[in-house]
Amino acid sequence: EVKNVKLSFRAQMKNDQGNIDNPVVNGTDEEYLEAVVAGKEGKLILNPARETTINHINNTIREIIENYDVDGIHFDDYFYPSGGIEVGIDAKDYSTYLANGGTLSIADFRRDNVNRMVESVHNIITEYNELNPDHYVAFGISPAAVWAPSNEKCHDSRGQEGGMNVICGSYSSYNDLYADTRLWVRNEWINYILPQNYYNYGEEYQEIASWWSREVANKNVRLYIGTPLYRVSEFKDSQLITKQMNYI
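Heads up: these notes are all about the structure in this document. This one's a predicted model, so the numbers in the text were calculated from it and none came from an experiment.

1. What to know about the overall build of the protein chain
And then number 1: A tally of regular secondary structure across the protein chain gives nine helices and six strands.
And then number 2: In summary, the protein chain has a C-alpha radius of gyration of 20 Å against a globular reference of 18 Å for 248 residues, a match within 12%.
And then number 3: Taken along the three principal axes of its C-alpha coordinates, the protein chain extends 55 × 50 × 40 Å.
And then number 4: Relative to all contacts within the protein chain whose residues are 6 or more apart in sequence, the contacts with residues 24 or more apart total 63%.
And then number 5: When the accessible surface of the protein chain is split by element, carbon and sulfur atoms take 48% of a total near 13400 Å².
And then number 6: The positive charge centre, built from 22 side chains, and the negative charge centre, built from 36, are 5 Å apart in the protein chain.

See the structure below:
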């Protein structure tokens, strides 16, 4: 069923867009079926483990910044889908990685795939800015609010040294999306980070905002806190957003 859905999607893409340089459209059926994977959230995505994916993203970013008057490139919080991708393809990619001398765990392998993409986009934008001093382009990402829970709060593999004092099962970029957002700040691969702190105002909200504030303190990365205006009608406290803004 997944195979038929993917092939139907590609046929529609070919019909709509014709012969373009896009890994979603190009290649044989076999290549396409492994370059595009189904996530557990019901979406088709470009396979994060494939160089064709990273190259396509890089080419797209380069096309945008070189041909359009944009002030920045902004990524939302989608990397590996929460819940994973097609098990067979994921396992095959990891086996190929090990066969070529790789030593990372499968979780770190996934995170490394995302890291390589983020770093490569950073390099492209940095090079552009160096060559075009009169037109600065920023690069930023708005990830899930929680990087990872701390070891004190989480005594299994979800807990990470220096993590946040939040509930162990908290949805986190590091564990659920295989996105090491703290590393991107520490390596200054992004110009700003905008964590989606969409929690009710309280200890968890304050912990997330304060943790990120400490992470960017000595880095050339700006911090903006994502504020959940769309949730105003859900909050019983009419002053909640005001309290959040004052705390920020």
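Still to come is the rest of the account.
2. A closer look at the layout of surface pockets
A water-sized probe rolled over the atoms picks out the places where empty space is left.
And then number 1: What the largest pocket holds in volume is close to 540 Å³.
And then number 2: Around the largest pocket sit 21 residues that line it, and Ile-45, Leu-46, Ile-57, Tyr-78 and Phe-79 are the ones nearest its centre.
And then number 3: Looking at the lining of the largest pocket, the elements with two or more residues in it are strand S2 (44–46), helix H3 (51–67) and helix H5 (106–131).
And then number 4: Ranked by residues supplied to the lining of the largest pocket, first place goes to H3 with six residues.
And then number 5: When its residues are assigned to classes, the lining of the largest pocket shows 14 nonpolar, four polar and three charged.
And then number 6: Taken together, Asp-21, Asn-22, Pro-23, Asn-26, Glu-31, Ala-35, Arg-50, Thr-52, Asn-55, His-56 and Asn-59 make up the full set of residues lining the second largest pocket.
And then number 7: Elements with a contribution of two residues or more to the lining of the second largest pocket: helix H2 (29–35) and H3.

3. Describing unusual backbone geometry
And then number 1: Residues other than glycine seldom take positive phi values, yet Tyr-178 does so here, at roughly 55°.
And then number 2: Residue placement: Tyr-178 occurs in the loop between helix H6 (173–176) and helix H7 (181–186).
And then number 3: By relative accessible area, Tyr-178 is classed as buried at 14%.
And then number 4: Located in the positive-phi region is Glu-188, a residue other than glycine, with phi close to 55°.

4. So, the sheet that holds strand S3 (residues 72–75)
And then number 1: If you walk across this open sheet you meet the four strands as S3-S4-S5-S6, and the pairing is parallel. Each of the sheet's edge strands pairs with one partner strand only, and the pair in question is S3 and strand S6 (222–223).
And then number 2: Where strand S5 (residues 192–193) meets S6, two bridges bridge the pair, whose relative direction is parallel. Each bridged residue has a counterpart across the sheet, and for Ile-193 the counterpart in S6 is Leu-223.
And then number 3: Of the strands in this sheet, S3 and strand S4 (138–141) are in contact with H5, which crosses S4 at around 160°.

5. Points about the packing of aromatic side chains
And then number 1: Per the counting criterion, the structure on display carries 13 aromatic pairs.
And then number 2: Each ring, one from Tyr-198 and one from Tyr-230, has its centre 5.6 Å from the other, and the planes form 80°; the classification is edge-to-face. Of the two residues, Tyr-198 sits in the loop between S5 and helix H8 (203–216) while Tyr-230 sits in the loop between S6 and helix H9 (240–247), which places them 32 residues apart along the sequence.
And then number 3: Exposure remark for Tyr-230: the relative accessible area of 57% places this residue in the exposed category.
And then number 4: Clustering of aromatic rings is evident, with ring pairs tying together Trp-147, Tyr-174, Trp-211 and Trp-212.
And then number 5: Here the basic side chain of Arg-110 rests over the ring of Tyr-178, its NZ or CZ set 4.9 Å away from the ring centre.
And then number 6: Arg-111 extends its terminal NZ or CZ atom over the ring of Tyr-174, reaching a point 3.8 Å from the ring centre.

Thresholds, definitions, all that
Residues numbered from 1 in each chain as written. Predicted model: local features only at pLDDT ≥ 70, side-chain atom pairs only at ≥ 80, totals over all residues. Heavy atoms only, no water. Helix = DSSP H or I, 4+ residues; strand = E, 2+ residues; numbered from the N terminus. Rg over C-alpha atoms; globule rule 2.2 N^0.38 Å. Contact = heavy atoms within 4.5 Å. Areas by Shrake-Rupley, 256 points an atom, 1.4 Å probe, with all protein chains shown as cover. Lys, Arg positive; Asp, Glu negative; His and termini not counted. Charge placed at Lys NZ, Arg CZ, Asp CG, Glu CD. 1 Å grid on protein atoms, 1.4 Å probe; cavity = no way out; pocket = protein on both sides within 12 Å on 5 of 7 lines; lining within 4 Å. Points joined across faces, edges and corners; volume = space filled by probe spheres on them. Nonpolar A, V, L, I, M, F, W, Y, C, P; charged D, E, K, R; others polar. Buried < 20%, exposed > 50% of the residue type's maximum accessible area, 1.4 Å probe, protein only. Pairing = 2+ DSSP bridges. Axes fitted to C-alpha atoms, helices over the stretch in contact; angles between N-to-C directions. Phe/Tyr/Trp six-rings, centres within 6.5 Å; stacked < 30°, edge-to-face > 60°. Lys NZ or Arg CZ within 6 Å of the ring centre and 35° of its normal.

Remember, this is a structural readout, not a statement about activity or role.
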